[in-house]
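So you can see what is in the structure, the chains are spelled out below.
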Amino acid sequence: DRCPVCAMLPSRFPRFASAIQLTDGATYYFCSPGCMITAWLQPEAYLGIPPQERLRALASDYFTSRHTDARDLSWVPGSDVVGPMGPAVVPLGNEADVRAFRKRHGGWEPFTLEDLTIEQWETIQSGRDPSP
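Rules used in this analysis
- Residues numbered from 1 in each chain as written.
- Predicted model: local features only at pLDDT ≥ 70, side-chain atom pairs only at ≥ 80, totals over all residues.
- Heavy atoms only, no water.
- Core = buried A, V, L, I, M, F, W, Y, C linked by side-chain atoms within 4.5 Å.
- Buried < 20%, exposed > 50% of the residue type's maximum accessible area, 1.4 Å probe, protein only.
- Helix = DSSP H or I, 4+ residues; strand = E, 2+ residues; numbered from the N terminus.
- Arc of directions from axis to C-beta.
- Contact = heavy atoms within 4.5 Å.
- Polar contact = N/O pair within 3.5 Å; in protein donor to acceptor, adjacent residues only side chain to side chain.

This next bit is on the nonpolar core. Across soluble globular proteins, nonpolar side chains have a tendency to be buried as a group. Residues I20, F30, M36, I37, W75, F111 and W121 are the most contacted members of the largest nonpolar core, which totals 24 residues. Broken down by secondary-structure element, the contributors of at least two residues to this core are β1 (18-22), α1 (33-41), β3 (54-60) and α4 (118-125). When residues in this core are grouped by element, the largest group, six residues, is from α1. Judged by nonpolar contacts, the second largest core, of nine residues, contains F16, V76, V81 and V90.

Listed below in structure tokens is the structure:
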């Protein structure tokens, strides 16, 4: 499968690969959490589906590599971690991991997928900190 956002091959980047599962059982795979977030926020544009057809998003926790519902993770943008699409947003499972990660790699305030807006995401993608 090719990433529906950038057309890269997710199988080449297993550490960063992410997915969105639909209510009909179909699954889309992404080369990186950033591409997955882009499609999650704009499913009509990138997947050709309305938002209500999204069942869940999956991403790999940075420290454990466990695939987790992306809505249960904290996401740290602006760190020194680089993924297949350049600067990566990093998914982490708990507050202690967020603190440890930011101490080692820097990064801006974490966000949750449920609270992220398209405007904030565009700011993050442009390399700017969206925090007020």
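Among the residues of helix α3 (residues 95-105), those classed as buried are D97, V98 and F101. Down the axis of α3, the sector holding all buried residues measures 100 degrees, keeping them to one side. Exposed and facing more than 90 degrees away from the buried side of α3 are R99 and K103. Against β5 (74-76) and β8 (90-92) lie the buried residues of α3. Residue N94 occupies the N-cap position of α3, its side-chain oxygen lying 3.1 Å from the main-chain nitrogen of A96. Directly beyond the C-terminal end of α3, a positive phi value near 75 degrees is found at G106.

Here we take up unusual backbone geometry. Positive phi outside glycine occurs at A7, with the angle close to 75 degrees. Along the chain, the position of A7 falls in the segment before β1. Of note in this structure, S65 is not a glycine but carries a positive phi near 65 degrees. With respect to the helices and strands, S65 occurs in the loop between β3 and β4 (67-69). Overall, S65 belongs to the partly exposed group, its relative accessible area being 44%.

Here F63 lies in the loop between β3 and β4. Residues F63 and D97, 34 residues apart in the sequence, show an inter-C-alpha distance of 7.7 Å. Once residues within four sequence positions are removed from consideration, F63 is found in contact with L92, D97, F101 and R104.

Tracing the backbone shows H105 in helix α3. Classification of H105 as partly exposed rests on a relative accessible area of 22%. H105 sits 97 residues away from M8 along the chain, and the two C-alpha atoms are 26 Å apart. Those residues in contact with H105, other than ones at most four positions away along the chain, are Y62, S79, D80 and V81.

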